[in-house]
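One-letter residues, chain by chain:
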Amino acid sequence: MAVAQLVLVMLVTACSADPRDDPQVAARLDLDGVTVVLRWHTGAAHRADSLPTATLTATLIPDTAGFHLYGQSLPQDGVDGIGRPTRLDVGLGLAADGSVTADRQERLDVVAGTHRLVPVYPAGPVTLSVPVRVTPGRPLRAWLSWAACSEQVCLAPVIRQPVDLPLPAPRP
């Protein structure tokens, strides 16, 4: 347990740097018990249609050990109102060029006090990634949704939180 807490502290510390100090960090949010860091990952290649391509990642880190996030396969309104999916949606100058993927596997978990199974990620941080095409000269925006819970308590869900993003810097 002590090792897991040390790793979480190292992740939060690494993410707490001023986003302006890392050209790949596009934005940072601290809302309802979760820290979110959005990053651009760019390559030198461009698509034939001449729109720059990049991958946008969002790392969601519960601020307290033992909290998990719901899986992205959870229905939008949860299961019988329980939970909200962890989502990364793009628009306004960004077009998804593939599916959103997660760096952790969902598992089915029984919600305390019910017999309902819901998809959740293991406790701790989760990173969602989506390849995108960028339309230069337009505002860029993504939306994030999540709900974080422990075995005893759930925090207020965040639904479609808009995040304005800077244009990704091309890789030198």
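So, a few notes on the structure that sits alongside this text. As the structure is a prediction and not an experimental result, all values here were calculated from the model.

For the rest of this paragraph, the subject is the overall build of the protein. Along the protein, the regular secondary structure elements total one helix and 13 strands. Counting from the amino terminus, helix and strand elements in the protein follow one another as α-β-β-β-β-β-β-β-β-β-β-β-β-β. For the protein, buried positions account for 39% of its 172 residues. For the protein, the share of sequence-separated contacts (at least 6 apart) that also reach a separation of at least 24 residues comes to 65%.

A negative phi angle characterises most non-glycine residues, just as the trans form characterises most peptide bonds. The phi angle at D80 is positive, at roughly 50°, despite the residue not being glycine. At R160, a position not held by glycine, the phi torsion is positive, near 50°.

Turning to its location among the elements, T35 is positioned in strand β2 (residues 34–46). On the basis of relative accessibility, which here comes to 4%, the residue T35 falls in the buried class. Of note is the side chain of T35, whose polar atom sits 2.7 Å from the side chain of D30. A polar side-chain atom of T35 sits 2.8 Å from a polar atom in the side chain of D63.

Okay, the sheet that holds strand β13 (residues 158–165) next. A sheet is described by the order of its strands in space; here three strands give the open sequence β5-β11-β13, paired in antiparallel fashion. Single-partner strands in this sheet number two, and they are β5 (87–91) and β13. Shown here is a sheet whose adjacent strand axes are inclined to one another by a mean of 20°, direction ignored. Pairing geometry for strand β11 (residues 140–146) and β13, over six bridges, is antiparallel. Opposite L140, over in β13, you have L165 as the bridge partner.

Rules and cut-offs
- Residues numbered from 1 in each chain as written.
- Predicted model: local features only at pLDDT ≥ 70, side-chain atom pairs only at ≥ 80, totals over all residues.
- Heavy atoms only, no water.
- Helix = DSSP H or I, 4+ residues; strand = E, 2+ residues; numbered from the N terminus.
- Buried < 20%, exposed > 50% of the residue type's maximum accessible area, 1.4 Å probe, protein only.
- Contact = heavy atoms within 4.5 Å.
- Polar contact = N/O pair within 3.5 Å; in protein donor to acceptor, adjacent residues only side chain to side chain.
- Pairing = 2+ DSSP bridges.
- Axes fitted to C-alpha atoms, helices over the stretch in contact; angles between N-to-C directions.

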